[in-house]
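Structure assessment
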Amino acid sequence: MARRRIIAGNWKMNKTPSEAVELCKTLKDLVKNDAVDVVYCVPAIDIVPVAETIKGTNVELGAENFYIEDKGAFTGEISAPMLKDAGVKYIIIGHSERRDIFGENDILINAKVKKAFEAGLSPILCCGESLALRKAGTFKEWIKRQITWDLDGVTADQVKKLVIAYEPIWAIGTGETATADQAEEVCKLIRDLIAEMYDSATAEEVRIQYGGSMNAGNAAELLSKPNIDGGLIGGASLKEDFGKIVNA
Ligand code: PEP
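Rules behind the numbers
Residues numbered from 1 in each chain as written. Predicted model: local features only at pLDDT ≥ 70, side-chain atom pairs only at ≥ 80, totals over all residues. Heavy atoms only, no water. Phe/Tyr/Trp six-rings, centres within 6.5 Å; stacked < 30°, edge-to-face > 60°. Helix = DSSP H or I, 4+ residues; strand = E, 2+ residues; numbered from the N terminus. Buried < 20%, exposed > 50% of the residue type's maximum accessible area, 1.4 Å probe, protein only. Near = heavy atom within 4 Å. Polar contact = N/O pair within 3.5 Å; in protein donor to acceptor, adjacent residues only side chain to side chain. Areas by Shrake-Rupley, 256 points an atom, 1.4 Å probe, with all protein chains shown as cover. Nonpolar A, V, L, I, M, F, W, Y, C, P; charged D, E, K, R; others polar.

What to know about the packing of aromatic side chains
By convention here, two paired aromatic rings are described through the distance between centres and the angle between planes. Throughout the structure, instances matching the rule amount to four aromatic pairs. Taken together, a centroid distance of 5.5 Å and an interplanar angle of 35 degrees make the contact between tryptophan 11 and tyrosine 40 tilted. A residue pair is termed long-range when its members are at least 10 positions apart, and tryptophan 11 in the loop between strand S1 (5–10) and helix H1 (17–27) and tyrosine 40 in strand S2 (residues 36–42) qualify at 29 residues. Both residues of the pair, tryptophan 11 and tyrosine 40, belong to the buried class. Look at tyrosine 67 and phenylalanine 74: their rings are 5.1 Å apart centre to centre, the planes differ by 45 degrees, and that puts the pair in the tilted class.

Take a look at the structure:
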């Protein structure tokens, strides 16, 4: 089964609502490609204006964070049903910035994956190793442990709808990209792990992205690899270059 490519922008904490609308307008014609799922994962405050602006285009809406309860006394948080109601389809979970800066652990990440599915959102589950783990040579065990913990209790049918983003932390926002072979090695390892945890049909369907300084110059080579089904793009998603990655 051919997996559909998915190119998702992670805007992080960038773009005010009016800037977000401008960026959508700038990218509108550049990201046209019916063979690819194109997603903008935007800050919470940009969700409503971006949803309005991308109406009728090929772009789908994603969010960057939520809390695991549906509603209640959780000042400052937003819930998965709120995102769903606002038109969000994809949700980034387990990004290294949430793990490292906001202390999110695999127990919370696992709960978020399950809650996202319950609310009808598709998680983009991030995993990836630090430079120290890459140098120590223990990064494969690390990735396997992250995926195993984060998918605890998640069904095969859910995993078929999941997107996993392999994002080596040493390549995020640093300008240093994993080579296409390094990225492919880990994306294949993740697919093999899914086959072990579930079955080969599930492994064939799960989409696996690479993320980490992907740009207009290196996207085509990374995306040509058999186990890389797309990209999660930070810096380059805020520029016209994003259109070149979508069409790489
Ligand atoms: C990211 O943070 O998800 C990311 C891949 O960032 P960048 O493309 O800027 O490395």
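What to know about unusual backbone geometry
Even without glycine at this site, lysine 15 takes up a positive phi of about 85 degrees. Mapped onto the elements of the fold, lysine 15 is located in the loop between S1 and H1. Look at lysine 15 and you get partly exposed, because its relative accessible area is 30%. With a phi angle near 55 degrees, serine 213 is a residue other than glycine that sits in the positive phi range. Exposure remark for serine 213: the relative accessible area of 16% places this residue in the buried category.

Description of the site of the ligand
Near the ligand you find 14 residues, and of these Lys12, His95, Glu167, Gly173 and Ser213 are the closest. Glycine 173 is positioned such that a nitrogen or oxygen atom in its backbone is 2.7 Å from an oxygen atom of the ligand. When the free accessible area of the ligand is taken as 300 Å², the share hidden by the protein chains comes to 95%. Looking at side-chain class alone, the shell around the ligand contains four nonpolar, eight polar and two charged residues.

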